[in-house]
Amino acid sequence: SLAGIVLNVIAIPLTAGTLLAGLICLFGSIISASLAGAFGATADLFAGLLLTTTALGDRWMSVLSVERFVTSLPAIAAITLALVALAQWPRPRNRWRLALGSVGCVVLLTWMPVVQGNLSPKLDLVFLDVGHGDAVVLKMPSGQTVLVDAGERNQFVDRGRRTLLPHLQRYGIREIDTAIISHPHADHYGGLPSIAKEIPIGRVIYNGQDHPSALFQHKMSVLDSLQVPLQKVTAGDTLRIDSTVQIDVLAPEPDHRFTYREANDTSIVFLLTYGSVRILFTGDAERSAEEMLVDRYGEVLESTIVKVGHHGSATSSTPPFVSAVAGNDSTLRKAIVSVGTGHRYGLPSQEVVDRWESAGARVLKTPRYGAVWLQTDGDTVWKNSWR
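Below is a summary of the structure that appears in this document. Just so it is clear, the structure is predicted and the values come from calculations on it, not from any experiment.

**Considerations on the overall build of the protein chain**
- For the protein chain, the helix and strand inventory stands at 12 helices and 15 strands.
- Computed over C-alpha atoms, the radius of gyration of the protein chain comes to 27 Å, more than 25% over the 21 Å expected from 2.2 N^0.38 for 387 residues, which places it beyond the range of a compact globule.
- With respect to the principal axes defined by its C-alpha atoms, the protein chain has extents near 85 × 55 × 35 Å.
- Going through the 387 residues of the protein chain one by one, you find that 47% of them count as buried.
- Taking all contacts inside the protein chain whose residues are at least 6 apart in sequence as the whole, residues at least 24 apart take part in 68%.
- Accessible surface computed for the protein chain: about 19,800 Å², of which carbon and sulfur atoms make up 58%.

**Remarks on the sheet that holds strand E13 (residues 362-365)**
- In space, the 7 strands of this open sheet follow the order E7-E8-E9-E10-E11-E12-E13, with mixed pairing throughout. Of all the strands in the sheet, the pair left with one neighbour each is strand E7 (238-242) and E13. Looking at each pair of strands side by side, their axes are set apart by 20 degrees on average, direction ignored.
- As judged from the 3 bridges shared by strand E10 (residues 277-281) and strand E11 (residues 305-307), these two strands associate in the parallel manner. When the bridges of E11 are listed, Phe281 appears paired with Lys307.

**Remarks on the packing of aromatic side chains**
- Evaluation of the coordinates by the stated rule reveals 6 aromatic pairs.
- Each ring, one from Phe127 and one from Phe281, has its centre 6.3 Å from the other, and the planes form 15 degrees; the classification is stacked. In this pair, Phe127 sits in strand E1 (residues 123-128) while Phe281 sits in strand E10, placing the two residues 154 residues apart along the sequence. As far as burial versus exposure is concerned, Phe127 and Phe281 are alike and both buried.
- Both rings, one in Tyr189 and one in Phe216, keep their centres 5.5 Å apart while their planes meet at 85 degrees; by these two values the pair is edge-to-face. Taken as a pair, Tyr189 in helix H6 (residues 186-189) and Phe216 in helix H8 (residues 214-225) lie far apart in primary sequence, 27 residues in all. The two residues Tyr189 and Phe216 agree in class, both being buried.

**Considering the nonpolar core**
- Counting residues in hydrophobic clusters, the biggest one holds 30 residues, and the most contacted among them are Leu138, Met140, Leu272 and Phe281.
- Secondary-structure elements contributing two or more residues to this core are E1, strand E2 (136-139), strand E3 (145-148), E7, strand E8 (245-251), strand E9 (269-274), E10 and strand E14 (371-376).
- With 29 residues, the next largest nonpolar core counts Leu293, Phe321, Val352 and Ala361 among its residues.

**Some details on the packing of helix H9 (residues 287-297) against helix H10 (residues 319-326)**
- Running from N to C, H9 and H10 point in directions that differ by 45 degrees, and their axes come no closer than 9 Å. As judged from the angle between their axes, H9 and H10 are oblique. Seen along the crossing, H9 lies across H10 with a hand that is left-handed. Two secondary-structure elements touch here, H9 through Glu290, Leu293 and Val294 and H10 through Pro320, Phe321 and Ala324.
- Its residues placed into classes, the contact of H9 with H10 shows 5 nonpolar, no polar and 1 charged.

**Regarding helix H1 (residues 4-28)**
- With 25 residues, H1 ought to run about 36 Å at 1.5 Å a step, and its terminal C-alpha atoms sit 33 Å apart, in line with that.
- Residues of H1 that are buried include every one of Gly4, Leu7, Ala11, Leu14, Gly17, Ala21 and Gly28, and no others.
- On its buried side, H1 packs onto helix H2 (33-60).

**A few points about helix H11 (residues 350-358)**
- Within H11, the full set of buried residues consists of Val352, Val353, Arg355 and Trp356. Projected down its long axis, H11 shows its buried positions confined to an angular sector of 160 degrees, all on one face. In H11, the exposed positions angled more than 90 degrees off the buried face are occupied by Glu351 and Ser358.
- Next to the buried residues of H11 lie E11, H10, strand E12 (334-337) and E13.
- Residue Gly360 follows H11 closely and has a positive phi angle near 105 degrees.

**Considerations on a nonpolar patch on the surface**
- On the surface, a nonpolar cluster with roughly 770 Å² of combined accessible area is contributed by Leu19, Leu23, Leu26, Phe27, Ile30, Ile31 and Leu35.
- With 4 residues, the single largest contributor to the nonpolar patch is H1.
- Position of Ile31 relative to the elements: it lies in the loop between H1 and H2.
- With relative accessibility at 70%, the residue Ile31 sits in the exposed group.

**Side note on the sheet that holds strand E5 (residues 204-206)**
- With mixed pairing, 8 strands are arranged side by side in an open sheet as E6-E5-E4-E3-E2-E1-E14-E15. The open sheet terminates on both sides in strands that have one partner only, identified here as strand E6 (230-232) and strand E15 (381-384). Shown here is a sheet whose adjacent strand axes are inclined to one another by a mean of 20 degrees, direction ignored.

**What to know about the environment of Glu262**
- Tracing the sequence through the fold places Glu262 in the loop between E8 and E9.
- C-alpha separation for the pair Glu262 and Glu286, spaced 24 residues apart in sequence, amounts to 9.1 Å.

Calculation rules
Residues numbered from 1 in each chain as written. Predicted model: local features only at pLDDT ≥ 70, side-chain atom pairs only at ≥ 80, totals over all residues. Heavy atoms only, no water. Helix = DSSP H or I, 4+ residues; strand = E, 2+ residues; numbered from the N terminus. Rg over C-alpha atoms; globule rule 2.2 N^0.38 Å. Buried < 20%, exposed > 50% of the residue type's maximum accessible area, 1.4 Å probe, protein only. Contact = heavy atoms within 4.5 Å. Areas by Shrake-Rupley, 256 points an atom, 1.4 Å probe, with all protein chains shown as cover. Pairing = 2+ DSSP bridges. Axes fitted to C-alpha atoms, helices over the stretch in contact; angles between N-to-C directions. Phe/Tyr/Trp six-rings, centres within 6.5 Å; stacked < 30°, edge-to-face > 60°. Core = buried A, V, L, I, M, F, W, Y, C linked by side-chain atoms within 4.5 Å. Parallel < 35°, antiparallel > 145°, perpendicular 65-115°, else oblique. Left-handed = near helix turned anticlockwise from the far one by under 90°. Nonpolar A, V, L, I, M, F, W, Y, C, P; charged D, E, K, R; others polar. Expected span 1.5 Å × (residues − 1). Arc of directions from axis to C-beta. Patch = residues over 30% accessible without salt bridge, like charges linked within 9 Å, V, L, I, M, F, W, Y side chains within 5 Å. Salt bridge = Lys/Arg side-chain N within 4 Å of Asp/Glu carboxyl O.

In structure tokens:
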């Protein structure tokens, strides 16, 4: 917080006063209770003024706070040299040398993307490891953030608080423009309430299906209390998020009438197109939904990247569907399986993994990498190291 430079002028004397009065109170109690009481009250006064200073600073000077992790070596070097230059203020020669070094690091940081040829807009896809559940963070070329599902919440863990929020905070993401919840199962929407309480959400897109569970009703209550708009989508809809990215909703059908037990087949399935790269998100769509998709769309399903349905379960990824997604030109490059550790529920099915690999895809499982982070410039797709 840059406000600390100003606030510490007041806070440091108040902190010293609180500590000194507290120590006199402690040792003075041996001599006199009245003396201890007087200095105890003084320590309390100083502490109260310190808290008031921090509260007012947070209220009126929060605009000067910078919340971001710095990982670039030139940026770290620039900040370090600038701080040492301040410490060397009484020594002009050292101060200016360090300041020039800091400026040099900033110039290097600015020109690095030019030298590396990284100026073209990119789409980031981060398939987070949320155990047995789904959660994908998309960073659009225009800078907007899309969250596809929000991980699991149960009596043991809240993936929204434990996994998603730390990730969003680490990368300085302070707002989610659109959240897409594929279907009403807790391993897909469970973390959303915790996220919504901490980070503004522009809108939530869902399939319109309700759920009788207390967790689902809690989620809906939280979104309603925060006045987050809900938007129902079905096959044929198009989502407008980024002018360079097209998102076509392929499922569920507008007239679907599924029971809760068949909720997987009501999953929102959508195709995201950026340049020549096509990314298929399948939720937990199973055999019935896949048959409908193949019959209705056929070769339209051909994709570069696919989020494998239902965590790699044998109830999904049927041979006709895999063949349709892979296409005839071997454009399929990566198949992402979001799954828990320890082969929970027997997932992913080895038969399913073999099927995607036979179709030409490299199968990437979230537990192995901590998160699968892909980037594309609309032509080429590459994987970034996460750990």
